[in-house]
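Chain by chain, the residues run as shown.
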Amino acid sequence: MAHALSTYRQLISDLQSAGYALHPIRRYFEVSGEQPVVYLRHDVDRLPGRAVAMAEAEAELGVHSTYYFRCDKRMRFPEAAMRRIADLGHETGFHYESLSRCKGDNEA
């Protein structure tokens, strides 16, 4: 179910106000247990433009998260969206399905 970006922004603000630290997945082993933590990750399946808007909103709120991308049927990733999100300071990665589609062939 998709929610409005304004609703997501409010959720992030509410978590920050409640004292939660918000981090991307890469910070999992770095964070001490002194305050409650939320690790933010997003699976970007079909609409990379919406992911960019979300990443921009998070960056405006001083939050960074992780975005996992899936390639299309021609095995291409949405490079422009991935670069923009990374340039905002977020972590990017890929869905494992990319390797399974190639039957384990790392070269492909």
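Conventions adopted
Residues numbered from 1 in each chain as written. Predicted model: local features only at pLDDT ≥ 70, side-chain atom pairs only at ≥ 80, totals over all residues. Heavy atoms only, no water. Pairing = 2+ DSSP bridges. Helix = DSSP H or I, 4+ residues; strand = E, 2+ residues; numbered from the N terminus. Axes fitted to C-alpha atoms, helices over the stretch in contact; angles between N-to-C directions. Buried < 20%, exposed > 50% of the residue type's maximum accessible area, 1.4 Å probe, protein only. Lys, Arg positive; Asp, Glu negative; His and termini not counted. Salt bridge = Lys/Arg side-chain N within 4 Å of Asp/Glu carboxyl O. Polar contact = N/O pair within 3.5 Å; in protein donor to acceptor, adjacent residues only side chain to side chain. Contact = heavy atoms within 4.5 Å. Phe/Tyr/Trp six-rings, centres within 6.5 Å; stacked < 30°, edge-to-face > 60°.

A. Spatial organisation of the sheet that holds strand β5 (residues 91–94). The parallel open sheet is built from 3 strands, whose spatial order is β3-β4-β5. In this open sheet, the two edge strands, each paired with only one partner strand, are β3 (41–44) and β5. On average, adjacent strands in this sheet sit at an angle of 25 degrees to one another, irrespective of strand direction. Two elements, β3 and strand β4 (residues 66–69), share 4 bridges in a ladder whose sense is parallel. Bridge pairing in β4 places V44 opposite F69.

B. Spatial organisation of the side chain of E58. Mapped onto the fold, E58 is located in helix α2 (residues 48–60). For the buried E58, which has no salt bridge, the nearest side chain bearing the opposite charge is R9, at an N-O separation of 9.8 Å. A distance of 2.6 Å separates a polar atom in the side chain of E58 from a polar atom in the side chain of S65. Apart from the residues within four sequence positions on either side, E58 is in contact with Y8, L40, H42, V63, S65, Y67 and H90.

C. Spatial organisation of the packing of aromatic side chains. Taken as a whole and assessed by the stated rule, the structure comprises 3 aromatic pairs. Here Y28 and F29 contribute two aromatic rings whose centre-to-centre distance is 5.0 Å and whose plane-to-plane angle is 85 degrees, an arrangement assigned as edge-to-face. Exposure remark for F29: the relative accessible area of 78% places this residue in the exposed category. Where Y28 meets Y39, the ring centres are 5.4 Å apart and the plane angle is 55 degrees; that geometry is what we call tilted.

Interpretation in functional terms is not warranted from these geometric data alone.
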